[in-house]
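Next come the chains, spelled out residue by residue.
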Amino acid sequence: MLAKVYVTPKKAILDPQGKAIAHSLHTLEYNEVGDVRMGKYLEVRLQGLSRAQAEQRVEEMCRRLLANLVMEDFRFEIVEE
Amino acid sequence: MLAKVYVTPKKAILDPQGKAIAHSLHTLEYNEVGDVRMGKYLEVRLQGLSRAQAEQRVEEMCRRLLANLVMEDFRFEIVEE
Amino acid sequence: MHNTPTVTEQLALDHGLTGDEYRRILHALSRTPTFEELGVFSVMWSEHCSYKSSRRFLRQFPTTTVPGGPEILQGPGENAGIVAVDDDLAVVFKIESHNHPSFIEPYHGAATGVGGIIRDVFTMGARPIASLNSLRFGAIDHPRTPHLVKGVVAGIGGYGNCVGVPTVGGEVYFDAGYNGNILVNAFTLGTIRADRIFRASAAGVGNPVMYVGSRTGRDGIHGASLLASREFDAKSEELRPAVQVGDPFTEKLLIEACLELMQRDLIVAIQDMGAAGLTSSSVEMAGRGGTGLSLNLNKIPTREDNISPYELLLSESQERMLIVAKAGCEQDVQAIFARWDLQAEVVGHVTDDGLFRAQWDGEEVIRIPIPALTDDAPVYERPAQQPADFAARQQLDISTLPLPSDYGQVLTRLLTSPNLASKEWVFRQYDSFVCGNTVVQPGSDAAIIRLKGTGKGIGLSVDCNSRYCLLDPYRGGMIAVVEGARNLAVSGARPVALSDCLNFGSPEKPEVMWQFQQAIAGMRDACLALGLAVVSGNVSFYNETEGKPIPPTPTVASVGILSDVTHHVTQWFKQEGDLIVLLGDTQPTLGASEYLAVVHGLVAGAPPEVNLDQEKRLQQLCLTAAQQQVFSSAHDIAEGGLAVALAEACISRPEGAMGARVTLDGNLRPDVLLFGESQSRVIVSLPAASLPLLQTLTHAAHIPYAMLGEVGGSDLIITDYLQLPIAHLCHQWRTALTQQITGVRTSTDQ
Amino acid sequence: MKWGIVTFPGSLDDRDSLYGLGTVLGQHTVNLWHKDRDLKGVEAIVLPGGFSYGDYLRCGALARFSPIMQSVIEFATAGGPVLGMCNGFQILCESGLLPGALVRNRSLSYICEWTRIRVETTRTRFTAGCSAGEILRLPIKHGEGCYVTDEATLKTLKDHGQIVFRYVDATGQITESANPNGTLHNIAGVTNKAGNVVGLMPHPEHALEAMLGGEDGRKLFLSALAH
Ligand SMILES: Nc1ncnc2c1ncn2[C@@H]1O[C@H](COP(=O)(O)OP(=O)(O)O)[C@@H](O)[C@H]1O
Ligand SMILES: [Mg+2]
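The residue numbers shown here count from 1 along each chain, following its written sequence. Chain A is the first chain written and ligand 1 is the first ligand written, with later ones labelled in order. Reporting in this predicted model follows two pLDDT cut-offs: at least 70 for local features of residues, and 80 or more for side-chain atom pairs to be given and counted; totals over whole chains, interfaces and linings ignore these cut-offs and use all residues. Water and hydrogen atoms were dropped before computing side-chain values, which therefore reflect all heavy atoms in the structure.

Q: When you look at helix H2 (residues 67-77) of chain D in this model, what are you seeing that I'm missing?
A: For an α-helix the count is 3.6 residues per turn, leaving residues at separations of three or four pointing the same way. Residues and elements named next belong to chain D. Only protein chains enter the accessibility calculation, which uses a 1.4 Å probe. A residue is then buried if its area is under 20% of the maximum for its type, exposed if over 50%, and partly exposed in between. Strands here mean DSSP runs of E at least two residues long; helices mean DSSP runs of H or I at least four residues long; both are numbered from the N terminus. Those residues of H2 not exposed but buried are Ile68, Met69, Ser71, Val72, Phe75 and Ala76. Projection of H2 onto a plane perpendicular to its axis shows the buried side chains occupying an angular sector of 160°, all on one side. Downstream of H2 by a residue or two, Gly79 has a phi angle that is positive, lying close to 100°. To obtain the arc, one takes the directions from the helix axis to the C-beta atoms.

Right, dumping it as structure tokens:
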């Protein structure tokens, strides 16, 4: 089983990375680009769990380690492989 | 329109961050965790493009800037908002 | 009309103001304040911005040096203090706290602390060239400590490394007294041409006020009033969105652009937007200039939509500057910033009405007489009282303490305890090379940087022993100053001035106020005796958790000058066969020592006494000896006493450890002799041929000395007490902190 | 010799390189601005350390698109000597002038310390004055200095002698404990096939003066002169 975890900066929080990337894209004349936000994408391989267990465990991992809840939001999907 | 871009380290390439996260998860006794890969997740807001145009432009942005093809793979989705 | 809450006394209380203060506002305005005005008063009258409990005490510090000392070009009151190095060159420096934000979000809290202090320095026109940091964490085995340490250290590095200012020194202590309230104090020093100093004083009616740097978001609204001026409780978790994220890249652009701007004659004043953001920078600039200032809030560049005028005034978004330009120079200013991809906007102008005014959608939301926010802000004489257990805690009968059976083991234990273990795990994460001036890297008593093109150098050290301050704040404050100066003097830098960061609990507690006053008195007396000026500083009150104040921590960042930078001295032994000599004498004291705490679990006794006169002569001797290049090494004896200092002189040498054979005379108890922390002592090593010169110097200075032994061999031998293989000791000392913080054991000896 | 030192927004060691090459080594130096295309007739180019564009996205990724880099690429392709140090190395990799890429240190922490590197080839413009196997003491200071590449590229690097520097211990041995950041095969620096473009993570410009800790960095710059 694979958990795909998406961690994104909270909306009100400054995202200097996203800002710099947007600036570069504009320099490269991608003028259609508006705002860019940059977050993390994690693939966590899991063994020996039921889907329900996986949901609950990954939620906990996100809260404890994978996301910094002071500044980040997260969501995830569990997929069978 | 929003492009969701996922950039992931290539299989053959060392991913120190993924390794460190897996290690920390094991320390926290998530023994069900196998391999962890850490990549990037970008949200790029786009204006005034058709879907087909968007596909083509974002593909180009990824190749030129958003991913380093020496060490990373990418994929993306275009979603209407 | 925009919608705002109705202003009532209750709303004022919710802003952290008192009922009396609210009535004072009504009186100052002769009307009810607007919601925005209430916000402005609450931040400007907060302890953090107004110094309302501390101001009268800070006046006791000497702010000029002794006759013949360097000229103080700027004392307290500006963004940073300035000391002349010679006719052309001066150094600008300041230390500041970022304690509460770092506890909530260690990485970004510490990072933005570094960003803020760097802005204070380049705001004056100086190029920042060196940083220090002073850190206090809870007990090393407290569950949150490793997380906080890793985050804070990574944050300091993350910002400092990226902005290109080397971190050349600092200090780190662990003590259960900081379990719920860590301290992060950051210091930066810059260099400036003495005739190019910029001060933040708004002048010239009609001159445009310009905003430059990052756009304003809702970051840290109420940071200054709520975070820095209120103690912590469980509710502080709710303040989490108040975290600010730093962008060192933008700061680097701001540094370069502002320094370029200041080469030209285009601006009148410049000030960074720190705590209380746009409000305090506007008010302070107008206050210093005796003018007024009017802002059009609709012109402030924003990061999000629908930011209210209240939020615009109070936001603490980072990396922003406010500039008063010369009328007609707006476009030239904009052109310079554009070169660095930064935008500068005209957001207001200087007025002559003595008012702080702000418009939103054509409506005046702020109209406050500036003095009401500055000179006429409340000042408190808070009651002070010696803690009831003060005398009891100073009692210590060492005759009841069992003597250790194995002194080698005790020494090893001390050297691997977190406060004495090598801080390499920390400073390895900081760029200490950039700027190309670092002559002595972290790891010796003081960092030494050169001043390019002058042959001169600057010595830097940051010090405070808060256990001393807890047991006797007067003596603790004194020792913080004395130790800082001594660290400089042994390194060959003449101590001239300092910046202090006074970290204490709630000033509303009489015991804390007493500690505060005592510490200041001790620091003042030391400064007067040693001829040092206090040129800048910062007060951080309300460092408490659940009603329990931290140990008093008046951190002292000391700055010294080397007229010839090649005459610096480092703390480690260098040459087999060199003689080892102890300068100063050893008193029968164990009070407040690291040994008592680590080995006997005791925080008790009186801290060591200081004879300021002897201290001054000792420091002068060290400086003279450095100039005459008498010493191979010189090391201040501090926590852990003589044995720890000897061991450090053996093991801290970057190129590899060196042994020593030493015999100690005297009829003191062995643990007092080895681990007591008597002040005014230095261990030096020197070639035998230089001994007569040293004897002449000690004789002239009336400083007692003792021949201890000589450098060499593969062991540290203290005759009759201990013999330890030096390579192993070095390895244990260097890796202990890494192990305790990361849990990783490093097995290889480098 | 006339050296051009490039300043990108976020470059940090550009000023140190200018000082080192100009004041310490007495070279003719000019500062090249990222928005320009004009190389001002320089004979060698230095891409300095730092955090160009904040090193956001990837180290060196955004710098590569600046106007000056288009000129640098032309200059390098024509055989001009180009030295990338730290962030400069990362930019050279991102630009495709050098193979491979640099990722986060194994420890995930920034590391600042003195290291030793061994000269693996003297066939480049910046090691021609060294002897093969010579050990240089240079500082590193980076968070992303772990060199990676795929097997095929690694093989080409080896076959063509493109590995220029490897981290070693005091006795010159390539050991795991001498590897500061987890880099592949202790690689500290590589060159292109022609040997005119060299990138390395250590900082020769911070090892030019004995008072600041060492002078071994001089050898790289002096090598270019000797040519
Ligand atoms: N947080 C830190 N940042 C940088 N350097 C540090 C830090 N903590 C300690 N150091 C360095 O480690 C060395 C030893 O520190 P410390 O034991 O506090 O010195 P001292 O007792 O001589 O004041 C000093 O060179 C100091 O600058
Ligand atoms: Mg000390």
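Q: It is not clear to me how empty space enclosed by the protein should be interpreted in this structure. Could you clarify?
A: Over the atoms rolls a probe the size of a water molecule, and in doing so it shows where empty space is left. A 1.4 Å probe that fits into a set of points on a 1 Å grid over the protein atoms alone but cannot get out defines a cavity; an open set with protein on both sides within 12 Å along at least five of seven lines defines a pocket, and lining residues are those with an atom within 4 Å of a point. Grid points are joined across faces, edges and corners, and a volume is the space filled by probe spheres set on the points. Using the criterion set out here, one finds 4 cavities of 30 Å³ or more in the structure. Of the pockets and cavities examined, the largest cavity occupies roughly 120 Å³. Every residue lining the largest cavity is counted, 17 residues in all, and those nearest its centre are Gly436 of chain C together with Glu205, His206, Glu209 and Leu212 of chain D. Basically, the charged four are Asp, Glu, Lys and Arg, the nonpolar ten are Ala, Val, Leu, Ile, Met, Phe, Trp, Tyr, Cys and Pro, and anything else, Gly included, counts as polar. Tallied by class, residues from the lining of the largest cavity come to 7 nonpolar, 5 polar and 5 charged.

Q: Would you mind showing me how to read the packing of helix H2 (residues 51-66) of chain A against helix H1 (residues 16-27) of chain B here?
A: To describe two helices that pack against each other, one gives the angle between their axes and the distance between the axes. One way to put it is that H2 of chain A packs onto H1 of chain B with a least axis distance of 11 Å and a crossing angle of 110°. Looking at the two axes, H2 of chain A sits roughly perpendicular to H1 of chain B. From H2 of chain A, Met61, Leu65 and Leu66 of chain A reach across to H1 of chain B, where they touch Ile21, Ser24 and Leu25 of chain B. For the contact of H2 of chain A with H1 of chain B, a count of residues per class yields 5 nonpolar, 1 polar and no charged. Comment: axis = line fitted to C-alpha atoms, over the contacting stretch for helices; angle = value between 0 and 180 degrees taken between N-to-C directions. Note that the term roughly parallel is reserved for angles under 35 degrees, roughly antiparallel for angles over 145, roughly perpendicular for angles of 65 to 115, and oblique for everything else. In what follows, a contact means two residues having at least one pair of non-hydrogen atoms within 4.5 Å.

Q: I'm lost on the relation of the copies chain B and chain A in this one. Help?
A: To go from the first copy of the chain to the second, apply a rotation about an axis and then a shift along the same axis. After a rotation of 180° and a shift along the axis of 0.0 Å, chain B superposes on chain A with an RMSD of 0.2 Å. The symmetry that links the two subunits is that of a two-fold axis. Using C-alpha coordinates, one finds that chain B approaches the rotation axis most closely at Lys40 of chain B, a distance of 2.1 Å. Same-surface contact between copies: 100% of interface residues of chain B are shared with the interface of chain A. When the copies are overlaid, the least-squares fit takes in C-alpha atoms only where the residue has pLDDT of at least 70 in both copies.

Q: Quick question: what am I supposed to make of the sheet that holds strand S1 (residues 2-9) of chain A here?
A: Sheet strands pair by backbone hydrogen bonding; their relative direction is either parallel or antiparallel. The pairing criterion for strands is at least two bridges between them, as found by DSSP. The strand order across the open sheet built from 6 strands is S3(A)-S1(A)-S2(A)-S2(B)-S1(B)-S3(B), with neighbouring strands paired in antiparallel fashion. Each edge of the open sheet carries a strand with a single partner, namely strand S3 (72-79) of chain A together with strand S3 (72-79) of chain B. Averaged over all neighbouring strand pairs, the angle between strand axes comes to 20°, with direction disregarded. Note: S1 of chain A against strand S2 (residues 33-46) of chain A, 6 bridges, orientation antiparallel. Paired with Val5 of chain A across the bridge in S2 of chain A is Leu42 of chain A.

By themselves, these are just geometric observations and shouldn't be taken as functional.
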